[in-house]
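Residue-level listing of the chains:
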Amino acid sequence: MFTTNAQIHQFGGILHKLSHDSTSTNTKMDVNVFVPPSSPAKSIPVLVYLSGLTCTPNNATEKSFLQYFASKYGFAVVFPDTSPRGAGIAGEDDSWDFGTGAGFYVDATQEPWSTHYNMYSYVHKELPAALAQHFGQLDFATVSITGHSMGGYGALTGFLRNPGVYRSVSAFAPISNPLNCAWGEKAFGNYLGADKNTWYNYDPTHLIKSYTHANQPDILIQQGSLDSFYAKDHQLQPENFAAAAKDAGYAGKIDLHIVEGYDHSYFFISSFVEEHAKHHAKHLGLIQ
Ligand SMILES: N[C@@H](CCC(=O)N[C@@H](CSC=O)C(=O)NCC(=O)O)C(=O)O
């Protein structure tokens, strides 16, 4: 059961700011949903946008410009939160890259995180089922997924672990090989524990090696060359994902664009959001 906190008219559609009690996280969760203009009898395909570290559903809603293209092509957009909030766990607010705002789209197995930090089940199971009930017009059987940074990793992971569920996937500056970077080691070590065998289930670079489903669409990835998380800190490593896909014989093209001069911010995301919207509109059957 959702509570509507705001309904904002935008680009001919409506942005719904909602909250609900989640059984995956055992907390109240906020979610934004943009519904494009449409005739009442028509079902509307859906794009899920997963945000990065520190974000609420509002960052992308306010800064990506994605709703303009969702309205143009006729798909809805779901903007989930990035973690439970106010779970009351000691240490959850101590750092910006772990805990609140940094749920890493995993189902935690380790105490004290496992009661609340179950963002994988929340995003891929509970939330779509609940929203399908709330918005009868949204067609969650025709759904694609995208995201930024931690959310780009969440999108790639969700696509690869749920063969046939998402028609297409794309990512902006995704954390592509979390087993191999400081953000991933911190998050997985705490949420999943010391046994690295369990970490592989959440690493796109490893998951693509065993992805066998017939649905192998092109995967669009943009990465700014001056993004310090990419160039300096090596947190992102999209080349590792592209190389693994090639070695695995993934049939679609890994369309990795290193875009000169761009950083990690929403200035970068909004510059390429049209390309991503078009990519998904094609796979959702809205354009040729
Ligand atoms: N100084 C930033 C650091 C965090 C940051 O850059 N977060 C990115 C995602 S990073 C990987 O997941 C982000 O999307 N920030 C929100 C924004 O609106 O730009 C900070 O504290 O935000």
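This structure is a prediction, so every number in the text was calculated from the model and none was measured.

(A) Seen up close, the overall build of the protein. Of the regular secondary structure elements, the protein holds nine helices and nine strands. The C-alpha radius of gyration of the protein comes to 18 Å, within 12% of the 19 Å expected for a compact globule of 288 residues. Along the three orthogonal principal directions, the C-alpha set of the protein runs to about 50 × 45 × 35 Å. Of all intrachain contacts in the protein linking residues separated by at least 6 positions in sequence, the fraction that spans at least 24 positions is 71%.

(B) How the structure looks around unusual backbone geometry. For the peptide bond that leads from Glu111 to Pro112, omega is 0°, which places it in the cis range. Located in the positive-phi region is Phe104, a residue other than glycine, with phi close to 55°. Secondary-structure assignment places Phe104 in the loop between strand S5 (76–80) and helix H3 (119–134). At His234, a position not held by glycine, the phi torsion is positive, near 55°. With respect to the secondary-structure elements, His234 resides in the loop between helix H7 (228–231) and helix H8 (238–248). Since 12 C-beta atoms lie within 10 Å of it, His234 is described here as exposed.

(C) Expanded view of the site of the ligand. Neighbouring the ligand are 13 residues, the closest being Gly52, Leu53, Asn59, Ser149 and Met150. Residue composition of the shell around the ligand, by class: five nonpolar, seven polar and one charged.

(D) Main features of helix H2 (residues 66–73). Among the residues of H2, those classed as buried are Leu66, Gln67, Phe69, Ala70 and Ser71. Immediately downstream of H2, the backbone of Gly74 shows phi near 95°, a positive value.

(E) Inspection of the UniProt feature "active site" (unreviewed entry) in the protein at higher detail. Mapped onto the present numbering, the UniProt feature "active site" (unreviewed entry) falls at Ser149, Asp227 and His264. Across 116 residues of sequence, these annotated residues stay compact in space, with a maximum C-alpha separation of 10.9 Å. Judged by C-beta crowding, with 26 C-beta atoms within 10 Å, Ser149 ranks as buried. Once residues lying within four places of it in the same chain are set aside, the contact partners of Ser149 are Gly52, Leu53, Ala173, Pro174, Ile175 and His264. Inspection of the secondary structure puts His264 in the loop between strand S9 (254–259) and helix H9 (266–283). Setting aside residues up to four positions removed in sequence, His264 forms contacts with Ser149, Ala173, Gly224, Asp227 and Phe229.

(F) Main features of the sheet that holds strand S8 (residues 219–224). In space, the nine strands of this open sheet follow the order S1-S2-S3-S5-S4-S6-S7-S8-S9, with mixed pairing throughout. Each of the sheet's edge strands pairs with one partner strand only, and the pair in question is strand S1 (2–10) and S9. In this sheet, neighbouring strand axes are inclined to one another by 20° on average, regardless of whether the strands run parallel or antiparallel. Against the sheet, H2 touches S1, strand S2 (13–21), strand S3 (28–35), strand S4 (44–50) and S5, its axis set at about 150° to S5.

(G) Examining the pairing of strand S7 (residues 166–172) more closely. The buried count for S7 comes to seven of seven residues, which makes it a mostly enclosed element. In terms of strand pairing, strand S6 (residues 138–147) meets S7 through two bridges, oriented parallel. Considered in S7, the bridge of Val143 is made with Tyr166. Traced from S6 through helix H4 (residues 150–161) to S7, the parallel crossover comes out right-handed. Two strands pair when backbone bridges link them, and S7 and S8 are joined in this way by three bridges, in the parallel orientation. The residue of S8 that forms the bridge with Ser170 is Leu220.

The rules behind the values
Residues numbered from 1 in each chain as written. Predicted model: local features only at pLDDT ≥ 70, side-chain atom pairs only at ≥ 80, totals over all residues. Helix = DSSP H or I, 4+ residues; strand = E, 2+ residues; numbered from the N terminus. Rg over C-alpha atoms; globule rule 2.2 N^0.38 Å. Contact = placed C-beta atoms within 7 Å. Buried ≥ 20, exposed ≤ 12 C-beta atoms within 10 Å, placed from the backbone. Near = placed C-beta within 6 Å. Nonpolar A, V, L, I, M, F, W, Y, C, P; charged D, E, K, R; others polar. UniProt positions renumbered as here; feature names shortened; annotations may be inferred. Pairing = 2+ DSSP bridges. Axes fitted to C-alpha atoms, helices over the stretch in contact; angles between N-to-C directions. Right-handed = clockwise from strand over helix to strand, strands pointing away.

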